[in-house]
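Observations on chain architecture
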Amino acid sequence: MASTEDKPANKENTSSWKDSIYNPRTGELLGRTASSWALILLFYLVFYCFLAGMFALTMWVMLLTLDDYVPRYRDRVPYPGLVIRPNTLDIMFNKSDSLKYTQYVQHLESFLQRYNDTEQEKNEDCPRGEYFDQDDSEDMVKKVCRFKRGSLSLCSGLSDTNFGYSEGKPCILLKMNRIIGLKPRGDPYINCTVKKETPIQMQYFPSQGRIDKMYFPYYGKKAHENYVQPLVAVKLLLTKDDYNKELTVECRVEGSDLRNDDDRDKFLGRVTFRIKVVE
């Protein structure tokens, strides 16, 4: 049982603890008066408004240096990568089972919709073998050269809606990534090889897998809104000896100054994929 001397001490400690939060005698809250709290809040309000203003001013000045149509810095990606459709690097299917290759066929058909004649008739019939340079116009909208899917012949999906997958001779579509202002020198074309002792026959569409210069340069997504990349289709003429085996195929951009041998980037100017057809 506590002594009578301890009770005043306990009351004093309780009163001191309460006063540290709010002192009714001085009107202090957490050790500060109302005017002191008001000055602190005013200081931080001015301080953070100043920081926000500086940030907004910096962003405004930076945006003044940007172009809506062309990125300011483009030196990090000087050469295009090469990609394939169907959008996978591992293509495996049973040619006797349509359910196994339907996903590839549907993907190719969906991808080629922008290359239909109804869409491409809206574009320009450009002269072949020449860069399609265009002057800056007031609205900055650039014209687009036609690329009809019919130029892919047996891999267009028009004469063979299964793109060769049902017969075990699949079509692979290749395209280069877009780079603003790119004008490749020489006569670029796509060449594919299979890492196998016995070479595999292939057909290229357009002829020899060539990429015409008229599709260059590209002026950017905003100025070249309806632009579509030129395509090259490769039809792998596999035989029975090639079935049930995983084949590694490498395709490269050849015949120009575009790089395709950078060990640090395996997709720069080239692409490697695997294909296996089960009979």
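That block above? That's the structure.
Residues numbered from 1 in each chain as written. Predicted model: local features only at pLDDT ≥ 70, side-chain atom pairs only at ≥ 80, totals over all residues. Heavy atoms only, no water.

Our next topic: helix H3 (residues 98–111). Relative to the 20 Å expected for 14 residues at 1.5 Å per residue, H3 spans 19 Å between its end C-alpha atoms, a close match to the ideal helical length. Of the residues making up H3, those classed as buried are Tyr101, Tyr104, Val105, Leu108 and Phe111. On the buried face of H3, the contacting elements are strand E3 (82–85), strand E4 (90–94) and strand E5 (171–176). (Helix = DSSP H or I, 4+ residues; strand = E, 2+ residues; numbered from the N terminus. Expected span 1.5 Å × (residues − 1). Buried < 20%, exposed > 50% of the residue type's maximum accessible area, 1.4 Å probe, protein only. Contact = heavy atoms within 4.5 Å.)

Structurally, Asp257 can be placed in the loop between strand E9 (246–256) and strand E10 (270–278). A residue is classified by how much of its surface remains accessible, and Asp257, at 36% relative accessible area, is partly exposed. Expressed as a C-alpha distance, the spacing of Asp257 and Tyr79, which sit 178 residues apart in the sequence, is 9.2 Å. Residue contacts for Asp257: discarding those within four places in its chain leaves Tyr79, Pro184 and Arg185. Reaching out from Asp257, the side chain makes a polar contact with the backbone nitrogen of Arg185 at a distance of 3.0 Å. (Polar contact = N/O pair within 3.5 Å; in protein donor to acceptor, adjacent residues only side chain to side chain.)

Now for the nonpolar core. Looking at soluble globular proteins, one finds that nonpolar side chains tend to be buried together. Tyr165, Ile190 and Cys251 are the most contacted members of the largest nonpolar core, which totals 56 residues. Ignoring sequence-local partners within four residues, the contact set of Ile190 consists of Leu82, Leu174, Tyr204, Gln208, Gly209, Ile211, Val232, Cys251, Arg252 and Val253. (Core = buried A, V, L, I, M, F, W, Y, C linked by side-chain atoms within 4.5 Å.)

In the structure shown here, the tally under the stated rule is 12 aromatic pairs. With 6.3 Å between their ring centres and 65 degrees between their planes, Phe93 and Tyr104 make a pair best called edge-to-face. Of this pair, Phe93 sits in strand E4 while Tyr104 sits in helix H3, and the two are 11 residues apart along the sequence. A single burial state applies to Phe93 and to Tyr104, both of which are buried. Taken together, the ring pairs connect Phe43, Tyr44, Phe47 and Tyr48 into an aromatic cluster. Looking at Lys142, its charged tip hangs above the ring of Tyr219, at a distance of 4.8 Å from the centre. (Phe/Tyr/Trp six-rings, centres within 6.5 Å; stacked < 30°, edge-to-face > 60°. Lys NZ or Arg CZ within 6 Å of the ring centre and 35° of its normal.)

Taking strand neighbours across the sheet as the criterion, the 4 strands line up as E3-E5-E8-E7 in an open arrangement whose pairing is antiparallel. Two strands close off the open sheet at either side, each with one partner strand: E3 and strand E7 (202–205). The mean inter-strand angle of the sheet, taken between neighbouring strand axes irrespective of direction, is 25 degrees. In the sheet, E5 pairs with strand E8 (residues 232–236) via 4 bridges, with the strands oriented antiparallel. (Pairing = 2+ DSSP bridges. Axes fitted to C-alpha atoms, helices over the stretch in contact; angles between N-to-C directions.)

In short, the description is geometric, and any link to function would need to be established separately.
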